[in-house]
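# Chain and residue survey
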Amino acid sequence: MEIKITKAAVLKEKPDSSTLGFGKIFTDHMFMMDWNSEKGWYNARIVPFGRIDLHPASTVLHYGSEIFEGLKAYRRKDGKVQMFRPIENIRRMNRSAERLCLPEIPEDLAMQVLTTFVELEQDWTPSAEGTSLYLRPFMFGNDESLGVHAVHNATYVIIASPVGSYYAEGINPVKIMIEDQDVRAVRGGTGYAKCGGNYAASNRAGERAAQQGYSQVLWLDGVERKYIEEVGAMNVMFKIGGKIVTPMLSGSILPGITRMSCIAVLKDKGFEVEERLLSIDELEAAMENGTLEEAWGCGTAAVVSPIGELCYKGVKYPVNNGEIGEVTQMLYDTLTGIQWGKIEDKFGWIQEI
Ligand SMILES: *Cc1c(COP(=O)(O)O)cnc(C)c1O
């Protein structure tokens, strides 16, 4: 499809890489494309970064028809820019779209617009250690009427933000509160879709945990509050008695690309990985008898986030003496090595710009 490019008249000054933070600074342009149930996708364009004009009755503002993705472009030592498994984000976006009755984007079109946009903005990819250009594709239903139904109009946008190193102060294990009241998602619901509504519903538990000095919550399943699902907005993995255990994708868990990549790396290094139901009782027993060796969250923003303490029903359990474990460190080194082009990508995950 032809992409009409309107360049910004004045380009912004690139920020100092020590002041980046997460998602506060945006590049000069954004990609936009519209969809209509009769016309399909049309009006693909790159325009100066700016506000989006919405009708007050727009579907997204009332019924939450919104999905998003998150991936990064990384600057290598030789100056080239590369993305990590972007096709997986495109496929997941389409699975989210199907769930929310939003339009899917043919894979080749989604890849074309993503690469065109990243190529145009690649100078914004910072080069300091651990920094990257965060890419945020998102789509929303945009009918200008209050009727409740699958939408006839939607808008797809990609914005980009140079982000600082997640671990600017070193990799410090986090404290996690096991949440036994609120749930993030239920089977049959939207847990496997990356949609804004899931986030809106999970903020209350996150805030409660924060008030008690915890970074995030460990979610239990929405039916029995018995099986472990995710940690905050990351997938979760445990090393129990030498084996790696991670909750199986049951429909209420977001299928993370970092999760998938960790599993591939772990298997490649000879670890036994079990994707299965893991109950809170089994985890509690492992914490009590000392067989829980490591625990970590995994997702694009942090890559891995070691868990140094778990709190369940008021009892605090330290994990690996509050330190990052060997397997967690190995995963971090291997994935970041591939992402920033420091080690060979034998999996074929990298896409150069
Ligand atoms: C995005 C997300 C993840 C992690 O997915 P990645 O593809 O690894 O970044 C995990 N859980 C939730 C709820 C998410 O939204």
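All values derive from a computational prediction rather than experimental measurement.

## Here we look at the site of the ligand
Within the structure, the ligand sits among 14 residues, and Lys 194, Tyr 199, Glu 230, Thr 258 and Thr 300 are positioned closest to it. Take Ala 233: an N or O atom from its main chain is 3.3 Å from a nitrogen atom of the ligand. Relative to its unbound accessible surface of 390 Å², the ligand loses 96% to contact with the protein. Of all the cavities here, the one that holds the ligand is the largest pocket.

## What to know about the pattern of salt bridges
For the coordinates displayed, the defined rule picks out 19 salt bridges. Note that Arg 45 and Asp 34 form a salt bridge whose closest N and O atoms lie 3.0 Å from each other. Highlighted residues: Arg 45 in strand E3 (residues 40–48) and Asp 34 in strand E2 (residues 29–36), separated in sequence by 11 residues. Classification of Asp 34 as buried rests on a relative accessible area of 13%. In this structure, Arg 208 engages Asp 182 in a salt bridge whose closest nitrogen and oxygen atoms are separated by 3.4 Å. Within this pair, whereas Arg 208 is found in helix H4 (residues 196–211), its partner Asp 182 is found in the loop between strand E9 (174–178) and H4, the two being separated by 26 residues in sequence. Exposure remark for Arg 208: the relative accessible area of 26% places this residue in the partly exposed category. Through salt bridges with shared partners, a single network forms among Lys 243, Glu 272, Glu 274, Arg 276 and Glu 282.

## What about the pairing of strand E10 (residues 216–220)?
Buried residues dominate E10, accounting for four of its five residues. Inspection of the sheet shows E9 paired to E10 by three bridges, in the parallel sense. Bridge assignment links Met 177 to a residue of E10, and that residue is Val 217. Summarising the sheet, E10 and strand E11 (residues 228–231) pair through two bridges and their orientation is antiparallel. Bridge pairing in E11 places Leu 220 opposite Ile 228.

## Observations concerning unusual backbone geometry
Its identity as a non-glycine residue notwithstanding, Arg 225 has a phi of 50°, on the positive side. Along the chain, Arg 225 turns up in the loop between E10 and E11. The partly exposed category is assigned to Arg 225, whose relative accessible area is 33%. The phi dihedral of Lys 313 falls on the positive side, at around 50°, and the residue is not glycine. Position of Lys 313 among the secondary structure elements: in the loop between strand E16 (303–312) and strand E17 (315–318). A relative accessible area of 59% means that Lys 313 is categorised as exposed.

## Points about the side chain of Ser 58
Structurally, Ser 58 can be placed in the loop between E3 and helix H1 (59–63). For Ser 58, a relative accessible area of 0% translates into the label buried. Of note is the side chain of Ser 58, whose polar atom sits 2.8 Å from the side chain of Asn 142. In contact with Ser 58, not counting residues within four places along its chain, are Gly 141, Asn 142 and Asp 143.

The rules we used
Residues numbered from 1 in each chain as written. Predicted model: local features only at pLDDT ≥ 70, side-chain atom pairs only at ≥ 80, totals over all residues. Heavy atoms only, no water. Near = heavy atom within 4 Å. Polar contact = N/O pair within 3.5 Å; in protein donor to acceptor, adjacent residues only side chain to side chain. Areas by Shrake-Rupley, 256 points an atom, 1.4 Å probe, with all protein chains shown as cover. 1 Å grid on protein atoms, 1.4 Å probe; cavity = no way out; pocket = protein on both sides within 12 Å on 5 of 7 lines; lining within 4 Å. Sits in = over half its atoms within 2 Å of the grid points. Salt bridge = Lys/Arg side-chain N within 4 Å of Asp/Glu carboxyl O. Helix = DSSP H or I, 4+ residues; strand = E, 2+ residues; numbered from the N terminus. Buried < 20%, exposed > 50% of the residue type's maximum accessible area, 1.4 Å probe, protein only. Pairing = 2+ DSSP bridges. Contact = heavy atoms within 4.5 Å.

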